[in-house]
Each structure stands twice: as structure tokens, then as C-alpha cells.
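What follows is the residue order along each chain.
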2 protein chains.
Amino acid sequence: MSFESPLFWPAYMKDGVLHVLDETMVPGKLKYIPVKNVKEAVAVIRDMKTRAFGQFLVVLNTFLLELNAKGDILKHLQKVAQELNNSRPTFPFAEVTGIVVGAAQKGAANGVDPRVTVGKTVQGFLAGIRARRMQRVQEIAEVMQDKDSILTHCNVSGELAMAASIAFSQGKRIKFFATETRPYMQGAKLTVWELQQARAQVTLVPDNAVASLMADRLVNKVIIGSDRSAANGDIANKIGSYQIAVLAKEFEIPLIVLTQPSKGVASGQDMPIELRDADELLVFGGKKVFGPKVLGFYPGFDVVPHELITKAIAINAGL
Amino acid sequence: MSFESPLFWPAYMKDGVLHVLDETMVPGKLKYIPVKNVKEAVAVIRDMKTRAFGQFLVVLNTFLLELNAKGDILKHLQKVAQELNNSRPTFPFAEVTGIVVGAAQKGAANGVDPRVTVGKTVQGFLAGIRARRMQRVQEIAEVMQDKDSILTHCNVSGELAMAASIAFSQGKRIKFFATETRPYMQGAKLTVWELQQARAQVTLVPDNAVASLMADRLVNKVIIGSDRSAANGDIANKIGSYQIAVLAKEFEIPLIVLTQPSKGVASGQDMPIELRDADELLVFGGKKVFGPKVLGFYPGFDVVPHELITKAIAINAGL
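Residues numbered from 1 in each chain as written. Chains lettered and ligands numbered in written order. Predicted model: local features only at pLDDT ≥ 70, side-chain atom pairs only at ≥ 80, totals over all residues. Heavy atoms only, no water.

## Brief notes about the overall build of chain A
Next, step 1: A count of helical and extended segments in chain A gives 10 helices and 15 strands.
Next, step 2: For chain A, the C-alpha radius of gyration of 20 Å lies close to 20 Å, the compact-globule estimate for 319 residues.
Next, step 3: C-alpha atoms of chain A, sized along the principal axes, occupy 65 × 55 × 40 Å.
Next, step 4: Residues classed as buried in chain A amount to 60% of the 319 residues present. (Helix = DSSP H or I, 4+ residues; strand = E, 2+ residues; numbered from the N terminus. Rg over C-alpha atoms; globule rule 2.2 N^0.38 Å. Buried < 20%, exposed > 50% of the residue type's maximum accessible area, 1.4 Å probe, protein only.)

## Description of the sheet that holds strand S14 (residues 301–304) of chain B
All names here are of chain B.
Next, step 1: Taken together, three strands build an open sheet; the order of strands is S8-S9-S14 and the sheet is antiparallel. Taken across any chain shown, the strands that pair with only one partner, and hence form the sheet edges, are strand S8 (228–229) and S14.
Next, step 2: The pairing of strand S9 (residues 235–238) with S14 spans four bridges and is antiparallel. Along S14, the bridge assignment pairs Lys238 with Phe301.
Next, step 3: With respect to the sheet, helix H9 (residues 241–250) is in contact with S9 and S14, its orientation differing from that of S14 by roughly 35°. (Pairing = 2+ DSSP bridges. Contact = heavy atoms within 4.5 Å. Axes fitted to C-alpha atoms, helices over the stretch in contact; angles between N-to-C directions.)

## Some points on the interface of chain B and chain A
Next, step 1: On the side of chain A, 50 residues touch chain B, which itself brings 50 residues to the contact.
Next, step 2: For the pair chain B and chain A, the summed buried surface comes to about 4,100 Å²; carbon and sulfur atoms form 64% of the total.
Next, step 3: Considering only the side of chain B, the residues that lose the most area to chain A are Asn208(B), Gln243(B) and Phe297(B), jointly responsible for 17% of the buried surface there.
Next, step 4: Taken together, the connections running from chain B to chain A amount to four salt bridges. (Buried area = accessible area lost by both parts, 1.4 Å probe. Salt bridge = Lys/Arg side-chain N within 4 Å of Asp/Glu carboxyl O.)

## Brief notes about the packing of helix H1 (residues 38–46) of chain B against helix H2 (residues 52–65) of chain B
Residues and elements named next belong to chain B.
Next, step 1: In contact at an axis separation of 10 Å, H1 and H2 are set at 170° when each is read in the N-to-C sense. The pairing of H1 with H2 is recorded here as roughly antiparallel in orientation. When H1 is examined against H2, the residues Val38, Ala41, Val44 and Ile45 are found in contact with a partner set consisting of Gln55, Val58, Val59 and Thr62.
Next, step 2: Residue composition of the contact of H1 with H2, grouped by class: six nonpolar, two polar and no charged. (Parallel < 35°, antiparallel > 145°, perpendicular 65-115°, else oblique. Nonpolar A, V, L, I, M, F, W, Y, C, P; charged D, E, K, R; others polar.)

## Examining unusual backbone geometry
All names here are of chain A.
Next, step 1: The linkage connecting Arg182 with the following residue, Pro183, adopts the cis geometry, with an omega of -5°.
Next, step 2: Inspection of the secondary structure assignment puts Pro183 in the loop between strand S5 (175–179) and helix H7 (186–197).
Next, step 3: A positive phi angle is found at Thr181, which is not glycine, with a value near 65°.
Next, step 4: For Thr181, the location among the structural elements is in the loop between S5 and H7.
Next, step 5: Take Thr181: its relative accessible area is 0%, and that puts it in the buried class.

## What to know about the packing of aromatic side chains
Next, step 1: Following the criterion strictly, the structure yields 12 aromatic pairs over all chains and no others.
Next, step 2: The interplanar angle of 75° and the centroid separation of 5.8 Å between the aromatic rings of Tyr242(A) and Phe251(B) together place this pair among those described as edge-to-face. Of this pair, Tyr242(A) sits in helix H9 (residues 241–250) while Phe251(B) sits in the loop between H9 and strand S10 (255–259), placing the two residues on different chains. The two residues Tyr242(A) and Phe251(B) agree in class, both being buried.
Next, step 3: Among the aromatic residues, those joined into a cluster by ring pairs are Phe8(A), Trp9(A) and Phe53(A).
Next, step 4: The ring of Phe53(A) carries the charged tip of Arg133(A) above its face, separated from the ring centre by 3.8 Å.
Next, step 5: One cation-aromatic arrangement involves Arg130(B) over Trp9(B); the distance from NZ or CZ to the ring centre is 5.2 Å. (Phe/Tyr/Trp six-rings, centres within 6.5 Å; stacked < 30°, edge-to-face > 60°. Lys NZ or Arg CZ within 6 Å of the ring centre and 35° of its normal.)

## A word on the environment of Glu95(A)
Residue and element names in this part refer to chain A.
Next, step 1: Note that Glu95 resides in helix H4 (residues 93–109).
Next, step 2: On the basis of relative accessibility, which here comes to 37%, the residue Glu95 falls in the partly exposed class.
Next, step 3: With 57 residues separating them in the primary sequence, Glu95 and Val38 have C-alpha atoms 17 Å apart.

## Here's the deal with helix H3 (residues 73–85) of chain A
Residue and element names in this part refer to chain A.
Next, step 1: For H3, which comprises 13 residues, the first-to-last C-alpha distance of 18 Å matches the rise-based estimate of 18 Å (1.5 Å per residue) to within 8%.
Next, step 2: Here H3 has its buried residues at Ile73, His76, Leu77, Val80, Ala81, Leu84 and Asn85.
Next, step 3: Residue Asp72 occupies the N-cap position of H3, its side-chain oxygen lying 3.0 Å from the main-chain nitrogen of Leu74. (Expected span 1.5 Å × (residues − 1). Polar contact = N/O pair within 3.5 Å; in protein donor to acceptor, adjacent residues only side chain to side chain.)

## Focus on the sheet that holds S10(B)
Next, step 1: Pairing is parallel in the open sheet, where seven strands are placed in the order S13(A)-S6(B)-S5(B)-S4(B)-S7(B)-S10(B)-S15(B). Of all the strands in the sheet, just strand S13 (294–296) of chain A together with strand S15 (311–314) of chain B have a single pairing partner and so form its edges. Neighbour to neighbour, the strand axes of the sheet diverge by 25° on average, direction disregarded.
Next, step 2: One ladder, built from four bridges, connects S10(B) with S15(B); its direction is parallel. Among the inter-strand pairings, Leu258(B) is bridged to a residue of S15(B), identified as Ile313(B).
Next, step 3: Each of strand S4 (149–152), strand S5 (175–179), strand S7 (221–224) and S10 of chain B touches helix H6 (residues 159–169) of chain B; the most contacted strand, S5(B), lies at about 170° to it.

## Observations regarding the packing of helix H5 (residues 114–143) of chain B against H6(B)
Residues and elements named next belong to chain B.
Next, step 1: Here H5 crosses H6 at 55°, and the two axes come no closer than 8 Å. Considering their axes alone, H5 and H6 lie oblique with respect to each other. Handedness of the crossing formed by H5 with H6: right-handed. For the pair H5 and H6, contact is made by Arg133, Met134, Arg136, Val137, Gln138, Ile140 and Ala141 and by Glu159, Leu160, Met162, Ala163, Ile166 and Ala167, respectively. (Left-handed = near helix turned anticlockwise from the far one by under 90°.)

## Things to note about the relation of the copies chain B and chain A
Next, step 1: Rotating chain B by 180° and moving it 0.0 Å along the rotation axis overlays it on chain A with an RMSD of 0.0 Å. On the angle and the small slide along the axis, the relation comes out as a two-fold axis. No C-alpha of chain B approaches the rotation axis more nearly than that of Asp207(B), which lies at 3.1 Å.
Next, step 2: Both copies contact each other with a shared surface, as 100% of the interface residues of chain B are interface residues in chain A too. (Least-squares fit on C-alpha atoms with pLDDT ≥ 70 in both.)

## Focus: the confidence of the model for chain A
Next, step 1: When pLDDT is averaged across chain A, the result is 94; 99% of the residues are at 70 or more.
Next, step 2: For this predicted complex, the interface confidence reaches an ipTM of 0.87, while the overall pTM sits at 0.89. (pLDDT = per-residue confidence, 0-100.)

Structure (C-alpha cells):
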């Protein structure tokens, strides 16, 4: 693959320290935050320094950071898992932390040092995920067609930009539109930046210009990611995905979603939606400018019902 | 009327100078920009220091500022009208400037000093508009019902907040939701601020949270303004209005639009849509952070087809 976006693999271990790309500094700076323990890991997750796939990398690698703990290592790993699980309610971290802790317990019952089991489990996981994501990038490139004009929302962690790079090498001419994605502006800060690195032409639009874009036939395809997938095909993704999906249906534009295994969640209604702090909307330049009757409503995600999804490109199972 | 919002009448003459509320400074500050001639008037319009109805006030009052010009006053008034007409393409300033210049020409043909005619015409206009807007505020209060939860977008120049104040005095319990309205944030900066002054409970939401709000039945009514109206009932309003209208239809929520006389525009397709400078999206902290393949698309307005409008509350004719 010719181009790998820093957002594709935004956290890596080096000399016993986890280096986590601070996505809130992109595109201004490529800065990695050193994370040395579970407390620092929970902080980078909760402060949204890293998102989506980056959070998974942090969750997995955090177990490696905590292997030197004194005392009952199995008990300690359970505590680590608990703290990670509680960091953000919309994410199914319990699934993956459960697998790591379960493997350690099972190994210990057979006389294997939990430290060895955890190391192997996490490394195996990471290698598997990487291979499966690389494969999905190829599949995304396949759905891109010559002369497509593709709208995306928020950020899909490198895969879209890398697929674009492959599509370009296949001679396809493709343009992109990216929403700003208020209030964190992941579209402006991350997606535009990485599509630019893939040498794509990309146009930034406000979140409220989607109907105009579609009505004027300036886009013919929508590709978005997902943070969770349900067994019935519903997905949860960054707030705004739902209205883009409704508009895509209204204007008869196909909606393609990158999904993951549903892990026992039956439907979108079973996914808790995290309400972020209203201050993320109400504080300007560090100051709260409004009185007490002024509130903010900022759900981090919304659910796209499966009826609105034209095609799902799943990450192959395993995780 | 108990409460008058500064946004209801954001420009007034005092000692021969037009004082224009700098809406870009609200809610931080109530600052009025002194405007002494047509050049300064065009600047406040083009830089969007004032918007919508404020622009009409500026256009009308600018003729009063230019009455002391030397030479052929009729020719000068025509030049003033031309400069105002060219300031922003989406607005039908030519209509109102044509009336003022036409009255001056007709008066002059009958021996009346154009300065006198313009003075009377503008003053008569302003008094008439004020009375008609006051009346519309009453009508808006009538459509507000006890326990309504009303979503609005951008800003309707005082009328919504003043109607809320009347509705409260009638014992109605009403809540409001306001979109941020990227990229100028008129919802956050103006609407939230003036609804707060009217003692309303108001909740700010990102532009991309509208489908979530509606799906969760957190709003039961949408009230927006319009910048232009067409004879067939289509309207042009701040970008984002169109997608809110599509979503309102999808979720069966009534959409109420404050409209004005159509002045010969047959349909929404006859309204030119102003494309604002892409830098308004692409410049962060004064710096352009992206390369040349990164573009911005920011139409200032979009058109809501009349089929999506449940009820129009027109300003009574005259203007």
C-alpha cells in the first residue's frame, strides 16, 4: 500500500510507553502523548485525544502497560478492565477487555503466567486487526468508481484516505466532500487533512449544507464509519450520521457504512448514547457567556437504522 | 409589548449618523458601528456585521446619509442605490432602493426637492415596517401553544424572542432549541442570547443533531425566518433551513416560516444563492492550514420548497 495515514494506526508502543496521537492537535501538529498507565489511558480516552479505532488501540495496549503491577496480577487486570470499561459509555470496551482478562484467567488456571498470556493475546489481536483493516481498505477502494463525488462525515481513521490512494493508483478520478462535524470538527481537522495527504481533492462543507449538496447533485455517494454495529444492521456513529442518512434516502444517494461485528447488540435501541458535557457547546474562548436557563444538548452519537444503509462493508470478524 | 430585543431594530439614526448593531460582537458586547456614508454602509452589509432585517434598515437609512451630496442629487441617489444593490446578490435590495429613487424622481418632476421626498419616503417606510413587524410578533405568539418545544435556526431578528415574551405573559409554557448555525454561529450568538433575555429556557444544539432531536420527539414545532420569498411559496433562508425542512417532513413536525412579499420572484429557482468565501471555513486562528487541493463550499442560503412549509406567517404587504 502506497500511503498509510497516521490516523490508521494512531497509537504504538515504544520502550514500554504507549505513544498516542493527539488528534485534537491535528492538523496543526503531529504530537504523540506518552501514556504510561491505565489512569493516563482513561484520560486520553475521556478527553477524546484519540477516538474510535485509536481508543481500541489504547484499551488493548493499556494491559501491556500494567503488567508490572505488584500483588495479585489477575485481580489487577480486572481492575484495569473495569476502569477502561467505564471511560465512555457508548463504546463496548467490555467485550475486548473481557477477552484479555478471560485469556489471562484461563492461562493462569493452566499454570501459565498471566503476563505471558496477556502479551500474546494483545499482540495477536493487534496483528489480526491490522490485517483485517488493510483488507477492508481494499474493499472500500473497490466501491469507489471513476468520477465519484463522495461525501463523508467525521473521520474513519485512515481507511477512506488510504482507499482513495489505491483508487487513484487504479486511475479512478474521485472527489470528496467532508462535513466539518461540529463541535469537535473532526471532518475539518482530520478527514480533510488526511485526504489532502492522499492527494485527493476535498471540499469542506458546514454540517448544515448537506441537503444543498445533495439537491444540487454535487455528491453521488456517501461513505461513513460506525462506532458500533447491531445484529439487525443498525449502527451508531458520530452525531449527524442519522440526518445524513435520512437526506441520502430523500435524494436517492447510496449510503455505504463501514461496520464491525455486532457482539450481541440486537438493535440500535440497545446502544446507550453518551451525552457530552454541554460546556462543549456553551463555552466560548474559555468563558461561559450565557445564564443558567441556557442549556446545551450534545449527544456524541446517533443511530442510523439499517433501512437507510445501502451497503455495509464489515471488518471481518475475529475481534 | 414588554420586551424589545436589540435585534428587532438593530440600526437607528442619531445626530446624522447611522448606528448599526455589530451582531458579530453579540453576545460578548452590545456595540454599535457608526455609519456615515454609502461606502461604510456597503462594508457593514458585505462583512455581515448586520444581517437580514438589519440590512434593510441600513439600505433605507443610507439614503438619508447621502442627502448632503453636492451636484446632481438625483444622479447621486441612483449611484447610491447601485452600490447598495451590488453589495450582496441574494438580497432584493433593488426593490426598495428603486422605490426610494423613483419617489425622488417623481417628486422632482413635480418640483419637490428630492431631499424632502427621500426623507419622507424613508421615514414613512420605517414607520410602516415597524408597525407590521409588531403585528407579526403577535401572530407568532398566537401559533405558540402551551407546552410547545420549538426548534429554530439562525436568527429571526427579535421577533421570535418577543413573541416568546408575549406567550409567557399569556401563561404558556414553552421551551426552545436553537441550532448553532455554522459557520457564523448566529444561533449560538444571537438567538440563544435574545431568547435568554426574554427569559425563555433555550437549549443550544449542533447543526448535525436535528434528526436526533426530532426522532426523540424533543421538539414538536419548527419556526424559522426567511430572507426571500417567491410567489409559489418557496423561500430562501440561511443554509441549513432546507435540511431542517426535509427532516421536519420525515418526522411529521410542522414547519412555520416567517415570510415576506415575493416581489415578482416566481419560485426558489429564480433566487441567486450567494457563495461565501471558502476562507470562512478554511482559515483557523487566522491561518490557512490546508494545501491548494482543499476547497470550501459555503452557500450562504438554501431554498426550502413550498411543499415542505406547513404554515407561512407573512409580513403584511406594503414594502
